Amino acid sequence: MNHLFKPATLANYLAQMNPLIAASLDAYQGDVDVYWQTKQLALDIAVSVFAGLQPGEESRAYNHDLNTILSNAMAHRINLPGTRFRKGLKAKHRLSERLREQLKHRRGRIGTDLISHLANVSDAQGAPLDGQDVIDHMLGMLFAAHDTTASSLAMIFWLLAEHPDWQTDLRDEVETLYRKSGSFHLAYEDLDKLPKVDWVLKETLRLYSPIQIIPRRTVREIDHLGYQIPKNTWVMLVPQATHFDTRYFSDPDRFRPERFNPESDLYREFDPYAFIPFGRGSHMCLGMHFAHMEVKAVLYQTLLQRRLSSSDGPDVELEYLPLVRPSNRMEVRFTGRRNPQSYNT
């Protein structure tokens, strides 16, 4: 799977997602429920890049079933008619069948989307990947690429509305890049030219890691604080445990993106395993670079054309399992569409 997230492939993915982001901006006007609006955008990007489908009726069906699975992920495992668990299973079955149908048309055909790549790669013995393996990979990527991204982006929009100083800093940064590139679409080679956007993304992930529990299995017996943990034991990593630990992050309860700026007084070197929104080590999330790229591309276009402020909507209440998302409307006010020529003055 690693070859599907190398620079050349990521650049192709970015070229596909940029027009989708541009088309979505009309919906970001007035008081917007940013979680659900961003979730739809993230899904449109995921089904386009990974399944080769254009936004429309098909992607809405994917969104419905993915949300049904997520909403019932914590249900008691009682597989009886009418239970939440059965409802989630039925949604997963519908998704699997849609992907199975797509897979039929991708075998032996060249394509730029993920399912086309998976349909035509071979295992160590030279045989095509098993169909169910492809479907399982696709389900995992669709979840990872849209639910966690929607969570992160929604929280960033909300935080930028609450912290206008940082919003101004980020807008200045993207406008500077726009004046040099002349394009409303973020180019792959320009991803590293937005350091402040990167700090805000990392700080949001520190405060609100989309995945609150990361399952792992020990590959050997280990000693942890005097406790012997046998080989092949399932353990649960909790990112917030270290993300709010003052040994690694000073003033951890506050939104301070400058903590990720090496030149800031707040910056401190810390164990890389203390910051784990995507896990760490050999099993770190494969889609990390894709997620960072998508968030930067969305923020680049949005900040060029919109201003964000707090709305008069209800106070935001968050739920943390199975991932961080609002349990009610998360409203942010979007205003303004600036004349592109104004950036060149």
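Placed above this text is the structure.
Computed from a predicted structure; not experimentally measured. (Residues numbered from 1 in each chain as written. Predicted model: local features only at pLDDT ≥ 70, side-chain atom pairs only at ≥ 80, totals over all residues. Heavy atoms only, no water.)

1. Some details on the overall build of the chain
And step 1. Each helix and strand counted, the chain has 10 helices and 9 strands in total.
And step 2. The globule rule puts the C-alpha radius of gyration for 345 residues at 20 Å, and the 21 Å found for the chain is close to it.
And step 3. Overall size of the chain, expressed as C-alpha extent along the three principal axes, is 60 × 55 × 45 Å.
And step 4. Looking at the 345 residues of the chain, the share that counts as buried comes to 49%.
And step 5. Summarising the internal contacts of the chain: among those between residues at least 6 apart in sequence, 68% fall at separations of at least 24.
And step 6. If you sum the accessible surface of the chain, you get close to 17,100 Å²; carbon and sulfur atoms cover 52% of it.
And step 7. Separation of charge centres in the chain, based on 41 positive and 42 negative side chains, amounts to 4 Å. (Helix = DSSP H or I, 4+ residues; strand = E, 2+ residues; numbered from the N terminus. Rg over C-alpha atoms; globule rule 2.2 N^0.38 Å. Buried < 20%, exposed > 50% of the residue type's maximum accessible area, 1.4 Å probe, protein only. Contact = heavy atoms within 4.5 Å. Areas by Shrake-Rupley, 256 points an atom, 1.4 Å probe, with all protein chains shown as cover. Lys, Arg positive; Asp, Glu negative; His and termini not counted. Charge placed at Lys NZ, Arg CZ, Asp CG, Glu CD.)

2. Quick look at the packing of aromatic side chains
And step 1. What the rule picks out here adds up to 11 aromatic pairs.
And step 2. Ring geometry for Trp 158 versus Tyr 208: centroids 6.4 Å apart, planes at 65°, classification edge-to-face. Highlighted residues: Trp 158 in helix α6 (residues 131–162) and Tyr 208 in the loop between α8 (195–207) and β2 (214–217), separated in sequence by 50 residues. Across the pair, Tyr 208 and Trp 158 agree in class, each one buried. (Phe/Tyr/Trp six-rings, centres within 6.5 Å; stacked < 30°, edge-to-face > 60°.)

3. Here's the deal with the packing of helix α2 (residues 34–51) against helix α3 (residues 57–71)
And step 1. Direction vectors running N to C along α2 and α3 enclose 115°, while the axes themselves pass 10 Å from each other. In the packing of α2 onto α3, the handedness of the crossing is right-handed. Together, Tyr 35, Trp 36, Lys 39, Gln 40, Leu 43, Asp 44 and Val 47 of α2 and Ser 59, Tyr 62, Asn 63, Leu 66, Asn 67 and Leu 70 of α3 make up the contact between the two elements.
And step 2. Considered class by class, the residues forming the contact of α2 with α3 number 7 nonpolar, 4 polar and 2 charged. (Axes fitted to C-alpha atoms, helices over the stretch in contact; angles between N-to-C directions. Left-handed = near helix turned anticlockwise from the far one by under 90°. Nonpolar A, V, L, I, M, F, W, Y, C, P; charged D, E, K, R; others polar.)

4. Some remarks on the environment of Lys 231
And step 1. Its location among the elements puts Lys 231 in the loop between β4 (227–229) and β5 (234–237).
And step 2. Put simply, Lys 231 and Asp 169 are 62 residues apart on the chain and 48 Å apart in space, counted from C-alpha to C-alpha.
And step 3. In this structure, Lys 231 is in contact with Thr 218, Val 219, Arg 220 and Glu 221, ignoring residues within four places of it in sequence.

5. A closer look at the nonpolar core
And step 1. The biggest cluster of nonpolar side chains holds 87 residues, and the ones touching the most others in it are Tyr 13, Phe 50, Met 138, Phe 157, Leu 160, Phe 290 and Leu 299.
And step 2. Those residues in contact with Phe 50 that lie beyond four places of it in its chain are Tyr 13, Ile 45, Asp 113, Leu 114, Ile 115, Met 138, Met 141, Ala 145 and Phe 290. (Core = buried A, V, L, I, M, F, W, Y, C linked by side-chain atoms within 4.5 Å.)

6. Some remarks on the layout of surface pockets
And step 1. Size it by volume and the second largest pocket reaches roughly 920 Å³.
And step 2. Elements supplying a minimum of two residues to the lining of the second largest pocket: β2, β3 (222–224), β5 and α9 (239–243).
And step 3. Among the residues forming the lining of the second largest pocket, the class breakdown is 12 nonpolar, 7 polar and 4 charged. (1 Å grid on protein atoms, 1.4 Å probe; cavity = no way out; pocket = protein on both sides within 12 Å on 5 of 7 lines; lining within 4 Å. Points joined across faces, edges and corners; volume = space filled by probe spheres on them.)

7. As for the sheet that holds strand β9 (residues 331–335)
And step 1. The strand order across the open sheet built from 3 strands is β1-β9-β6, with neighbouring strands paired in antiparallel fashion. Since the sheet does not close on itself, it has two edges, and those belong to β1 (30–33) and β6 (307–310), each with one partner. On average, each strand axis in the sheet is inclined to that of its neighbour by 40°, with strand direction left out of account.
And step 2. Packing against the sheet, α2 makes contact with β1 and β9, and its axis sits at approximately 70° to β1. (Pairing = 2+ DSSP bridges.)

8. Some remarks on empty space enclosed by the protein
And step 1. Enumeration according to the criterion identifies 2 cavities of 30 Å³ or more in this entry.
And step 2. Counted as a void, the second largest cavity has a volume near 50 Å³.
And step 3. For the second largest cavity, the full set of lining residues is Tyr 248, Phe 249, Ser 250, Arg 259, Phe 260, Leu 266, Arg 268 and Phe 270.
And step 4. Of the residues belonging to the lining of the second largest cavity, the class tally is 5 nonpolar, 1 polar and 2 charged.

9. So, the environment of Arg 94
And step 1. Along the chain, Arg 94 turns up in helix α4 (residues 84–106).
And step 2. Sequence separation between Arg 94 and Thr 242 is 148 residues, and the spatial gap between their C-alpha atoms is 38 Å.
And step 3. Apart from the residues lying within four places of it in its own chain, the contact partners of Arg 94 are His 64 and Asp 65.
And step 4. Separated by 2.7 Å, the side chains of Arg 94 and Asp 65 make a polar contact. (Polar contact = N/O pair within 3.5 Å; in protein donor to acceptor, adjacent residues only side chain to side chain.)

10. Describing the pattern of salt bridges
And step 1. For the structure shown, the criterion picks out 19 salt bridges.
And step 2. Linking Arg 329 and Asp 33 is a salt bridge whose minimum nitrogen-to-oxygen distance equals 3.8 Å. Placement of Arg 329 in the loop between β8 (325–326) and β9 and of Asp 33 in strand β1 is noted, with a sequence separation of 296 residues between them.
And step 3. Put simply, Arg 256 and Asp 251 hold a salt bridge, and the shortest N to O gap is 3.0 Å.
And step 4. Here the salt bridges do not stand alone but share partners, grouping Asp 251, Arg 254, Arg 256 and Glu 258 into one network. (Salt bridge = Lys/Arg side-chain N within 4 Å of Asp/Glu carboxyl O.)

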